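Coordinate inspection notes
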2 protein chains.
Amino acid sequence: MDEPWRGVPTISQVAQAAGVSRATVSRAFTRPQMLSQETVSRVKSVAARLGYVPNQVARALSTGRHGNIALIVPDVANPFFPPLIRGAQARADLAGACLFLGSSDENADREDTLVAKFTGQVEGVILVSSRLDEERIRHHAGRVPIVLINRDVTGLPRVLIDTSVGISAAVDHLAEFGHRRICYVAGPAASWSNQQRRKAMRAAMRRRGLEMVAVTAQRASFEAGRDIVAALLGTGATAAIAFDDVTAQGILVALAERRIAVPERFSVIGCDDVLGATTFPPLTTVSARCDEAGEVALDLLGDVTRLKAMREIRYVLDTHLVVRGSAGTVPAAR
Amino acid sequence: MDEPWRGVPTISQVAQAAGVSRATVSRAFTRPQMLSQETVSRVKSVAARLGYVPNQVARALSTGRHGNIALIVPDVANPFFPPLIRGAQARADLAGACLFLGSSDENADREDTLVAKFTGQVEGVILVSSRLDEERIRHHAGRVPIVLINRDVTGLPRVLIDTSVGISAAVDHLAEFGHRRICYVAGPAASWSNQQRRKAMRAAMRRRGLEMVAVTAQRASFEAGRDIVAALLGTGATAAIAFDDVTAQGILVALAERRIAVPERFSVIGCDDVLGATTFPPLTTVSARCDEAGEVALDLLGDVTRLKAMREIRYVLDTHLVVRGSAGTVPAAR
DNA sequence: GCATTCTCTGCAACCGGTTGCGTGTCAAGA
DNA sequence: TCTTGACACGCAACCGGTTGCAGAGAATGC
């Protein structure tokens, strides 16, 4: 009587209760057009009464398709990734898929382990800003469909955020304010984004005939940005473009601590547009459309798994400058 | 010959190649002590050569145990949740489990759908700051083990962050600086945390014989915090304790825009300690230990599923004040 | 009125593992 | 020599769905 068991009804119980075979119940949910209207509705009402819901695991085993997708990011806590996750999530919902999340803590070995653990449980994996070497990425790509974000590996589908346009606009913006010597605050050397941004900035500066200097923050973090400020000021630059917004935020705070007004005495531009206007002054930055990157990657993964064809796909999102209040006229005298 | 198929070998292929039965291969991985040393090593070496890795889905179907856990949060992009996610993730790793992530966008219906979708694919669900009504939570709890974070439903295992100690300390801190009239900037009315914080603050103020006023931000966000500042200043308070750090950050920025120095002319204290020292001035706040909450919830879920006993568990984490630089002496004159 | 086609449903195999039970082997004990 | 029992392994059923194939009626064509 008093069954204290979490009873999730199975297809057999529904079949028995409805007086049909298991196959019919299955089809009532997956191919209703194969059945008569009447049978479908009867089965469905019985199923609803019993609270039946198809077991995804069993379904996955027999069909080979469980709409699950894994998303692996270097660090959930980095504000760059949540919007991306949210974008992917939204698309996954539309496709009726569930999202596995993995956070590698910027550690290649952990990332490796995660991919291996997810493989076999998901239909595809999205690797964001992967820290893995090409060989290992290719190895995994041989066992499960993979889509890369912010990593450019030939032959694999990938979505890249091309910040060069935005960076170029940022340089123009600063140049118009009269800045002649601008500093690039670099991020992790292994990061594809960092290399790309540095290159874009160098090109834009040369085109304008301006003088580029650079300092390197050991990692992309608020603390790194704050710690780099002494070196940054030592370069004699009047403005800085930082690898990402978080670093820029660190710079902003360190400048405030030194009572150096932004943008009156120093201009700062970030990258990624993940902080919105939450800083003071509100950060002028290069939008990175990370949410879109998540969406596109998920759609791409859908195409890849559906078509079974691993075409050479290289989806590039461009960027633009978001002008807020952290860049301004160059100080008259130094 | 040229098999272009992603060939993941099955247990049968390994069995054949090793000249044993499927059962033996299975046991070589799950119960090696049942087999002779020699057989185990032979099977394992064959498996390694073929690149065999047990299919988790099949395993889950037959055992009923797939170490997967779902975590549902209202909003990935709210900085309160990433540390929590990270904490849960770390514990899941230790347990060899994978994490499903769901983001409900603060929407109860979406949350409902998500739970339903995850149920049957996971061994347990962790609901963070759930927007669901009690009835629906109990309904789901009847189908899958559930652990709640920041939600107090009798009879269900839950971990609560008790900010009352921290809030009380915050009030003391402000009182020592001479503040007599302090404003509580409230968050979402439906939020358990908000109710609890408000109550704690009222009690602390009364105990000290201070005057509490309150304003309500319609939602917990940076914008809401910024928009509430006019009302906040209108109350005549000299200090504010905000529902959370993000709101406090909005207040900070709005005050900066009005050239009202913090903490010289106005003191602000946040809640949750999710921003670290990234604001200017660095935010004095009540630590919420959200990472720990994630860890504890996961451990709890492990206990619940392992012991099959749904004991009445109410795990309370206490908090303390983190003093940084956004609170100070009350301005002499108004 | 009979052959043919179409519609609807059931049978049974299958997905890739796990596990209770049974059997064969071999050494120790009586 | 004959139990007895431990040990190592295989057989076969099972988890909960899906799906190719076949068969039973009903509808259609001639």
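Residues numbered from 1 in each chain as written. Chains lettered and ligands numbered in written order. Predicted model: local features only at pLDDT ≥ 70, side-chain atom pairs only at ≥ 80, totals over all residues. Heavy atoms only, no water.

1. Things to note about the overall build of chain A
Formally: Every helix listed is a DSSP run of H or I at least four residues long, and every strand listed is a run of E at least two residues long, numbered separately from the N terminus. Radius of gyration here uses only the C-alpha atoms, and the compact-globule reference equals 2.2 Å multiplied by the residue count raised to the power 0.38. Relative accessibility decides the category of a residue: with a 1.4 Å probe and only protein chains considered, values under 20% of the type maximum give buried, values over 50% give exposed, and everything between is partly exposed.
Scanning chain A from terminus to terminus reveals 13 helices and 12 strands. In terms of C-alpha radius of gyration, chain A reaches 26 Å, well past the compact-globule figure of 20 Å for 334 residues. Projecting the C-alpha coordinates of chain A onto the three principal axes gives extents of approximately 90 × 45 × 35 Å. Buried residues in chain A amount to 53% of all 334 residues.

2. Notes on the relation of the copies chain B and chain A
Rules: Fitting of the copies onto one another was done by least squares over C-alpha atoms, counting residues only where both copies have pLDDT of at least 70.
The operation relating chain B to chain A is a screw motion whose rotation component is 180°, with 0.1 Å of axial translation and a residual RMSD of 0.2 Å. One copy is carried onto the other by what is essentially a two-fold rotation axis. Residues of chain B ranked by C-alpha distance from the rotation axis are headed by Phe 100 of chain B, positioned 2.2 Å from it.

3. Describing the nonpolar core
Stated formally: Buried Ala, Val, Leu, Ile, Met, Phe, Trp, Tyr and Cys residues form a nonpolar core when they are joined through side-chain atoms within 4.5 Å. Whether two residues are in contact is decided by their heavy atoms: any pair within 4.5 Å suffices.
The biggest cluster of nonpolar side chains holds 62 residues, and the ones touching the most others in it are Leu 71, Ile 126 and Val 159 of chain A together with Leu 71, Ile 126 and Val 159 of chain B. With sequence-adjacent residues up to four places away left out, Val 159 of chain A is seen in contact with Val 147, Leu 148, Ile 149, Asn 150, Ala 293, Val 296, Ala 297, Leu 300, Tyr 315 and Leu 317 of chain A. Formed by 37 residues, the second largest nonpolar core is a distinct cluster that contains Ile 72 and Leu 114 of chain A together with Val 115 and Ile 137 of chain B.

4. Quick word on the interface of chain B and chain A
Size of an interface: often given as the accessible area lost when the parts come together. Condition: Throughout, buried area stands for the accessible area (probe radius 1.4 Å) lost by two parts on being put together, summed over both. A side-chain nitrogen of Lys or Arg and a carboxyl oxygen of Asp or Glu constitute a salt bridge if their distance falls within 4 Å. Any residue outside Ala, Val, Leu, Ile, Met, Phe, Trp, Tyr, Cys, Pro, Asp, Glu, Lys and Arg is labelled polar, Gly included; the first ten of those are nonpolar and the last four are charged.
Counting residues at the interface gives 53 residues for chain B and 54 residues for chain A. Between chain B and chain A the total buried area reaches about 4400 Å² when both faces are included, carbon and sulfur atoms providing 59% of it. Counting every contact that joins chain B to chain A gives 6 salt bridges. We note a salt bridge from Arg 110 of chain A to Asp 93 of chain B, for which the minimum N-O separation is 2.2 Å. Sorting the residues of the side of chain B that touches chain A by element identifies helix H4 (56–63), helix H5 (81–94), strand E2 (98–103), helix H6 (108–118), helix H10 (222–227) and helix H12 (245–257) of chain B as the ones contributing at least two each. Looking at side-chain class alone, the side of chain B that touches chain A contains 26 nonpolar, 15 polar and 12 charged residues.

5. Considerations on helix H8 (residues 164–176) of chain A
Residues and elements named next belong to chain A. The criterion, for reference: Here, expected helix span is obtained from the residue count minus one, scaled by 1.5 Å.
Between its first and last C-alpha atoms H8 spans 18 Å; for 13 residues at 1.5 Å apiece the expected length is 18 Å, and the two agree. Within the sequence span of H8, burial applies to Gly 166, Ile 167, Ser 168, Ala 170, Val 171, His 173, Leu 174 and Ala 175. As for H8, its buried residues are in contact with strand E6 (181–186), helix H9 (192–208), strand E8 (239–242), strand E9 (267–272), strand E10 (284–287) and strand E12 (321–322). Downstream of H8 by one or two residues, Gly 178 has phi in the positive range, about 100°.

6. Quick look at the protein's contact with DNA strand C
Short version of the rule: We call a residue near a molecule or strand when any one of its heavy atoms sits within 4 Å of it. Any pair of N or O atoms that falls within 3.5 Å is considered a polar contact. Within protein, one atom must be able to donate a hydrogen and the other to accept it, and sequence-neighbouring residues count only if both atoms are side-chain atoms.
In the neighbourhood of DNA strand C, 29 residues make up the surrounding shell, with Thr 24 and Thr 39 of chain A together with Ile 11, Ser 26 and Arg 59 of chain B lying closest. At a separation of 3.0 Å, a phosphate oxygen of DNA strand C approaches a polar backbone atom of Ser 36 of chain A. With respect to DNA strand C, the side chain of Thr 39 of chain A contributes an N or O atom lying 2.3 Å from a phosphate oxygen. Where the surface near DNA strand C is concerned, the elements lending two or more residues are helix H2 (22–30) and helix H4 (56–63) of chain A together with helix H2 (22–30) and H4 of chain B. In the surface near DNA strand C, the residues fall into 11 nonpolar, 11 polar and 7 charged.

7. Overview of the environment of Ala 169 of chain B
Checked against the element boundaries, Ala 169 of chain B lands in helix H8 (residues 164–176). With 32 residues separating them in the primary sequence, Ala 169 of chain B and Ile 137 of chain B have C-alpha atoms 33 Å apart.

8. Digging into the sheet that holds strand E6 (residues 181–186) of chain B
Residues and elements named next belong to chain B. Formally: Any two strands between which DSSP finds at least two bridges are classified as paired. Fitted lines through C-alpha atoms give the axes, limited to the stretch in contact for helices. The angle between two N-to-C directions lies from 0 to 180 degrees.
Taken in spatial order, the 6 strands make up an open sheet running E7-E6-E8-E9-E10-E12, and their pairing is mixed. Each having just a single partner strand, strand E7 (211–216) and strand E12 (321–322) make up the two edges of the open sheet. Contacts between helix H9 (residues 192–208) and the sheet are confined to E6, E7, strand E8 (239–242) and strand E9 (267–272), with E6 contributing the most and set at about 170° to the helix.

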